Amino acid sequence: MLKISIIFFILFICKLSNANLELAPHIVGGQNATLGQFPFVAIYQHKERKGSLACGGGILNDRWILTAAHCLENFEPDEMIVLVGTISLVEGGTVYEVENVFPFDYYEVEIPPFFVSNWNDIGLIKTKSPIIFNDFTQPMTITSQTRIFANMKGTVAGFGAYFTNITLNPPPEEIVLSTNLRFFDTRVLSQIECNYRTYLFNFLNPDYPIHHIIHPTNNLCTLQQRGTGICFGDSGSILVVGNEAVGVAVSGVRLCGNRTPDIYMRISLYYGWIQHVMQRNL
């Protein structure tokens, strides 16, 4: 009898989770931010493409931006700019040229043949000139203290896709970015729940090209209401709990807003590396 009950329970959970993975309404939730609400937000974009978006990021101090390592792969530093102090991709703010970029030393994306680890997907951008702080441009707070945030409320802001006509693997022309900064509140998952939900997604979607492996300490995961989540273009965006920046977005591109965990790098575990890179490249 116990074995039968367990089997029915597993089948029920799989059915429920599978229902959650069906395509949701394409608007990926959130609401428009106001100017100065998230003054640490930085936009990493190509200097020749006004209104473009490579990735998000967070201001660490007057010369350094924290982002995801994979954001730094496809362009040379002198092709890129950092835009701060705005809630729009197309107007306002202050532009800073990029001096250099620093992906994490041991950044690796693929674990052949299918899995993506995102275990060290964190990087730094150095601007050529000092960032001027004001009411709309301020550094964020990070610490070296690693804490448990399970079931705590977090907030994420970014310019990533909010409407799309795709399901799993979209061509670029079908991704519609938000021209305004948007944000949403979310719940930080325990590592156990994150692993369960991620492995369940992998199990129920064997043909999906990207299967994530959650690092037992380096990753943070969040989950929010259906129809809300990070998406294409939100990589590098910052997860905030309370007044502390705790995560860098590295993954939200499986089924955006469809009750699959959004994945972040845990900033505190890279605090030493961040300080080391900044000190060696004054």
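Please refer to the structure placed before this passage.
Reading the values: the criteria
- Residues numbered from 1 in each chain as written.
- Predicted model: local features only at pLDDT ≥ 70, side-chain atom pairs only at ≥ 80, totals over all residues.
- Heavy atoms only, no water.
- Helix = DSSP H or I, 4+ residues; strand = E, 2+ residues; numbered from the N terminus.
- Buried < 20%, exposed > 50% of the residue type's maximum accessible area, 1.4 Å probe, protein only.
- Polar contact = N/O pair within 3.5 Å; in protein donor to acceptor, adjacent residues only side chain to side chain.
- Contact = heavy atoms within 4.5 Å.
- Pairing = 2+ DSSP bridges.
- Disulfide = S-S within 2.5 Å.
- Expected span 1.5 Å × (residues − 1).
- Salt bridge = Lys/Arg side-chain N within 4 Å of Asp/Glu carboxyl O.

Peer 1: Where do I start with the side chain of Asn120 in this structure?
Peer 2: Tracing the sequence through the fold places Asn120 in the loop between β8 (115–116) and β9 (123–127). A residue is classified by how much of its surface remains accessible, and Asn120, at 16% relative accessible area, is buried. Polar side-chain contacts of Asn120 include one of 2.7 Å to the side chain of Tyr270. For Asn120, the contacting residues outside a window of four places in its chain are Ala69, Phe104, Tyr106, Tyr107, Asn218, Met265 and Tyr270.

Peer 1: In this structure, what is going on with the side chain of Thr198? I would like to understand it.
Peer 2: Assignment of secondary structure puts Thr198 in helix α2 (residues 191–204). Note on Thr198: relative accessible area 0%, which makes it buried. In terms of polar contacts, Thr198 uses its side chain to reach the backbone carbonyl oxygen of Cys194, at 2.8 Å.

Peer 1: Please clarify how the pairing of strand β15 (residues 219–223) should be interpreted in this entry.
Peer 2: Look at any regular strand and the pattern is simple: side chains alternate between the two faces of the sheet. The buried fraction of β15 is high, at five of five residues. The alternating pattern of β15 places Asn219, Cys221 and Leu223 on one face and Leu220 and Thr222 on the opposite face, and all of these are buried. Direction of pairing for strand β13 (residues 182–188) relative to β15: antiparallel, over a ladder of two bridges. Across the sheet, residue Val188 finds its bridge partner in β15, namely Thr222. In the sheet, β15 pairs with strand β18 (residues 262–266) via four bridges, with the strands oriented antiparallel.

Peer 1: What am I meant to see in the state of the cysteines here?
Peer 2: As used in these notes, a disulfide is a covalent bond between sulfur atoms, one from each of two cysteines. This model, assessed by the stated rule, comprises two disulfides. Covalent S-S linkage joins Cys194 and Cys221, the inter-sulfur distance amounting to 1.9 Å. With the S-S dihedral at roughly -45°, the linkage between Cys194 and Cys221 falls on the left-handed side. On the criterion of sequence distance, the pair formed by Cys194 in helix α2 and Cys221 in strand β15 is long-range, its members being 27 residues apart. Each member of the pair, Cys194 as well as Cys221, is classed as buried.

Peer 1: Where do I start with the environment of Pro77 in this structure?
Peer 2: Checked against the element boundaries, Pro77 lands in the loop between β4 (64–67) and β5 (80–84). A relative accessible area of 17% means that Pro77 is categorised as buried. Once the C-alpha coordinates of Pro77 and Glu97 are considered, the two residues, 20 residues apart in sequence, prove to be 8.4 Å apart. Those residues within four positions of Pro77 in sequence are excluded, and the remaining contacts are Val98, Glu99, Asn100 and Val101.

Peer 1: Mind showing me how you'd approach α2 here?
Peer 2: Because the α-helix completes a turn every 3.6 residues, residues three or four places apart line up on one side. Compared with an ideal rise of 1.5 Å per residue, which puts 14 residues at 20 Å, α2 spans 20 Å between its outermost C-alpha atoms and is within 8% of the ideal. All of the buried residues in α2 are Gln191, Cys194, Thr198, Leu200, Phe201 and Asn202.

Peer 1: Which parts of the structure should I look at to understand the pattern of salt bridges?
Peer 2: Note on pairing: side chains with opposite charge can pair once their charged atoms come close. Taken as a whole, this structure holds eight salt bridges when the rule is applied. Glu97 is the salt-bridge partner of Lys47, the closest N and O atoms lying 3.9 Å from each other. Of this pair, Lys47 sits in the loop between β2 (41–46) and β3 (55–59) while Glu97 sits in strand β6 (residues 94–103), and the two are 50 residues apart along the sequence. Classification of Glu97 as partly exposed rests on a relative accessible area of 37%. A salt bridge links Glu193 to Arg187, with the shortest nitrogen-to-oxygen separation between them at 3.1 Å. A residue is classified by how much of its surface remains accessible, and Arg187, at 27% relative accessible area, is partly exposed. Through salt bridges with shared partners, one network takes in Lys47, Glu97 and Lys128.

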